[in-house]
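Listed here are the chains, written in short residue letters.
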Amino acid sequence: MKRNQNAMIRKALIIVVLILMIPWYVNAQGTKQDTELKREITLYNPYKPSLADFRKIGFLPDMNDSAKVNVSFRYDIKTTAFSPEYTISPIKAAALLPDPLAKLYKSFVNIGFGNYGTPFAELSITNERSRKGAVGFYGKHYSSNGKVQLQNQLRVFAGLMDNEASLFGKKFFRKNFLEGSFDVIQKTRYAYGYSPEIIPYIPDKKDIRLSFYDIGAKASFASLNLDSTDFSYDFDIFYDYFYNTAYRDQNHFGFTGNMAKMFRGFYVGSGIEFDIFKLSESLLTKPKYIFAVNPFVRKSTPQWSFNLGLQALIERNIVSSARIHLYPDVNFGFSIVPEYMMFFAGLGGKLERNDPLKIIGENPFIAPDGSLFMLPNTDHAIIVKAGLKGNNGIGGNYLASVSYSLINDLLLFSNVVFPDTASRMERGNYFIPVTDEAEILTIHGELNGAITSKVTFSTAGNYYKYTLSANQFAWGKPDWDYNIGIKYNLRNKIIADAELNAFGPRKFMVS
């Protein structure tokens, strides 16, 4: 306890000493400040501010600039795409009105009469325009009952009769259609042109009558394309029965198909064909057939066009073994003067089918010995052509071309008179087929146009030059042919036309 008291006494003494020293410290600081603030200033003259003298410039500035500055600068432009903001708002579709359709009549009748007692009648009946389909009938009759005078002054009957009838129908679907027909053809001819040197020979009409009948049916299934680039197809199946006599007839069955589509700007497609002919047993021959396929690639523009194709064909006709044919199918053209002149050229070939129905259309007076059914097909091994075509400026078109053909089994008709034999009598009023290898140069021309708004004309002509291997002349074929026609049309109500056909001289082999 005593120690604590001593400590308290020491603290008290220290505090008293500090308090006594405070006045002394304050006085010392005041004395020091008084000594530092004392200053002495001596003024000799009063302060007078003044400016120095200067010389004023009194002349005008010179307007001529003597300094020359060569301006040289360089700049760069950096472009950036400007993408304005826009908004799409729907607009109403434009209404496209279809072209007015021509009036479709339910029936058509054509009746005429000519010299030599030649009546003509034609009838067509169809339903009106429909979205579902069509059905109709077509019939035709053409005959002659006249007589002609031979070199021996004898007048003989030279009549003929052609009858045709067809019942057809078509059904439309959304993307394709189905079509079918049933057809009948009948032809009758009289072989009146026998040799007048044979005396006496006055045959009855039944002895020189030639009758032909063809009955057939056909069905087709094809696409309906609004856009040419879409896939298109067309398939046909058909059958016909050709009858000449009780011992000479033919059954013909066939199928054809075509398919094509636009592919990378090219029109690519192919066709296929199959025909088989079964003849009557009396002709002692095997069935004939033809099978062909022809792929192609096409492209066309307003300035040019081309086609690259090939046909591969297998044929068995009157020979026991089959033959293979390869035909090129190459065509190209380009415009020299748009619309008015286009050049075209091509390299091709084909097999011409000499079936009985086709041949009687050319010459129905073939000897009735069965040779009508035993004809070889004509092989057009090479066909080269070139020409010009376009608008002629008188409301029509023109075409001029030259072609060269190399042909095997060219079919000619020769009128040959053989002496009578014990088995048959040859009177010279029939033709026999003759075949030969040939080269044909053909010059062809066409022209059509308008004379007035109601009268139009058309004309075409051909010149032929034959080079044969075995025969001296192309028997029965003219050196030239020419056709000209004039047509008058008054509002599709009154239609009249006239046509003139002319043929050059023809030579026939007679022995």
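Thresholds, definitions, all that
- Residues numbered from 1 in each chain as written.
- Predicted model: local features only at pLDDT ≥ 70, side-chain atom pairs only at ≥ 80, totals over all residues.
- Heavy atoms only, no water.
- Helix = DSSP H or I, 4+ residues; strand = E, 2+ residues; numbered from the N terminus.
- Buried < 20%, exposed > 50% of the residue type's maximum accessible area, 1.4 Å probe, protein only.
- Contact = heavy atoms within 4.5 Å.
- Areas by Shrake-Rupley, 256 points an atom, 1.4 Å probe, with all protein chains shown as cover.
- 1 Å grid on protein atoms, 1.4 Å probe; cavity = no way out; pocket = protein on both sides within 12 Å on 5 of 7 lines; lining within 4 Å.
- Points joined across faces, edges and corners; volume = space filled by probe spheres on them.
- Nonpolar A, V, L, I, M, F, W, Y, C, P; charged D, E, K, R; others polar.
- Salt bridge = Lys/Arg side-chain N within 4 Å of Asp/Glu carboxyl O.
- Core = buried A, V, L, I, M, F, W, Y, C linked by side-chain atoms within 4.5 Å.
- Phe/Tyr/Trp six-rings, centres within 6.5 Å; stacked < 30°, edge-to-face > 60°.
- Lys NZ or Arg CZ within 6 Å of the ring centre and 35° of its normal.

Asker: Please explain the overall build of the chain as it appears in this structure.
Answerer: Helix and strand counts for the chain stand at two helices and 21 strands. Relative to its full complement of 511 residues, the chain shows a buried share of 27%. A separation of at least 24 residues holds for 54% of the contacts in the chain among residues at least 6 apart in sequence. Looking at the chain as shown, the accessible area adds up to about 36900 Å², and 60% of this sits on carbon and sulfur atoms.

Asker: Help me understand the layout of surface pockets in this model?
Answerer: The gaps of empty space that remain are located by a probe, the size of a water molecule, rolled over the atoms. Quantified by volume, the second largest pocket comes out at close to 420 Å³. Forming the walls of the second largest pocket are 18 residues, and the residues nearest its centre are Asn 115, Thr 118, Tyr 142, Ser 144 and Leu 160. Looking at the lining of the second largest pocket, the elements that each hand over two or more residues are β1 (107–114), β2 (118–126), β3 (133–144), β4 (147–149) and β6 (160–172). The element that contributes the greatest number of residues to the lining of the second largest pocket is β1, accounting for four residues. Counted by class, the lining of the second largest pocket contains eight nonpolar, six polar and four charged residues.

Asker: Could you clarify how one ought to interpret the pattern of salt bridges in this entry?
Answerer: Side chains that differ in sign of charge can pair as their charged atoms come close. For the coordinates displayed, the defined rule picks out five salt bridges. Measuring nitrogen to oxygen at the nearest pair gives 2.7 Å for the salt bridge that ties Asp 162 to Arg 189. On the criterion of sequence distance, the pair formed by Asp 162 in strand β6 and Arg 189 in strand β7 (residues 176–190) is long-range, its members being 27 residues apart. Residue class for Asp 162 comes out buried when judged on its relative accessible area of 13%. Between Glu 362 and Lys 358 there is a salt bridge, with the nearest N and O atoms lying 2.8 Å from each other. Here Glu 362 and its partner Lys 358 are both found in helix α2 (residues 356–362), four residues apart, which amounts to about one turn of the helix. Under the relative-accessibility criterion, Glu 362 is labelled partly exposed at 45%. On the basis of relative accessibility, which here comes to 26%, the residue Lys 358 falls in the partly exposed class. Each of the salt bridges in this network shares a partner with another, and the network as a whole consists of Asp 162, Lys 187 and Arg 189.

Asker: When you look at the nonpolar core in this model, what are you seeing that I'm missing?
Answerer: In summary, soluble globular proteins display a tendency toward joint burial of nonpolar side chains. With 21 residues, the main nonpolar core has Phe 212, Phe 242, Ile 359, Leu 372, Phe 373 and Phe 413 as its most contacted residues. Counting only elements with at least two residues in this core, the list comes to β8 (209–223), α2 and β17 (397–414). In this structure, Phe 242 is in contact with Phe 212, Tyr 213, Asp 214, Asp 249, Gln 250, Pro 356, Leu 357, Ile 360, Leu 372 and Phe 373, ignoring residues within four places of it in sequence. Ranked by size, the runner-up nonpolar core spans nine residues in total, among them Ile 407, Leu 410, Leu 412 and Ala 438.

Asker: I would appreciate a short explanation of empty space enclosed by the protein in the present structure.
Answerer: Under the criterion given, the structure shown has one cavity of 30 Å³ or more. Volume-wise, the largest cavity comes out at about 100 Å³. Every residue lining the largest cavity is counted, 14 residues in all, and those nearest its centre are Phe 277, Lys 288, Ile 290, Asn 317 and Asn 377. Put simply, the parts of the chain that give the lining of the largest cavity at least two residues each are β12 (288–300) and β13 (304–316). Counting residues per element, the lining of the largest cavity draws most heavily on β12, at three residues. The class makeup of the residues in the lining of the largest cavity is five nonpolar, four polar and five charged.

Asker: Would you mind showing me how to read unusual backbone geometry here?
Answerer: Most peptide bonds take the trans configuration, and most residues that are not glycine carry a negative phi. Backbone geometry places Tyr 116, a non-glycine residue, at a positive phi of 60°. Along the chain, Tyr 116 falls in the loop between β1 and β2. Its identity as a non-glycine residue notwithstanding, Glu 339 has a phi of 70°, on the positive side. Checked against the element boundaries, Glu 339 lands in the loop between β14 (323–337) and β15 (341–352).

Asker: Mind showing me how you'd approach the side chain of Asn 429 here?
Answerer: In this fold, Asn 429 is placed in the loop between β17 and β18 (432–450). Judged by relative accessible area, which is 5%, Asn 429 ranks as buried.

Asker: What am I meant to see in the packing of aromatic side chains here?
Answerer: Inspection of every chain in the model, using the stated rule, returns 19 aromatic pairs. Both rings, one in Tyr 241 and one in Tyr 243, keep their centres 6.5 Å apart while their planes meet at 35°; by these two values the pair is tilted. Residue Tyr 241 is classed as partly exposed on the basis of its relative accessible area, which comes to 25%. Residue classification places Tyr 243 among the partly exposed positions, given a relative accessible area of 29%. By way of ring pairs, the aromatic residues Phe 221, Phe 231, Tyr 233, Phe 235 and Phe 255 are connected into one cluster. One cation-aromatic arrangement involves Arg 298 over Phe 296; the distance from NZ or CZ to the ring centre is 4.0 Å. One Lys or Arg, Lys 507, reaches over the ring of Phe 473 and ends 4.8 Å from the middle of that ring.

Function cannot be inferred from these measures alone, as they are strictly geometric.
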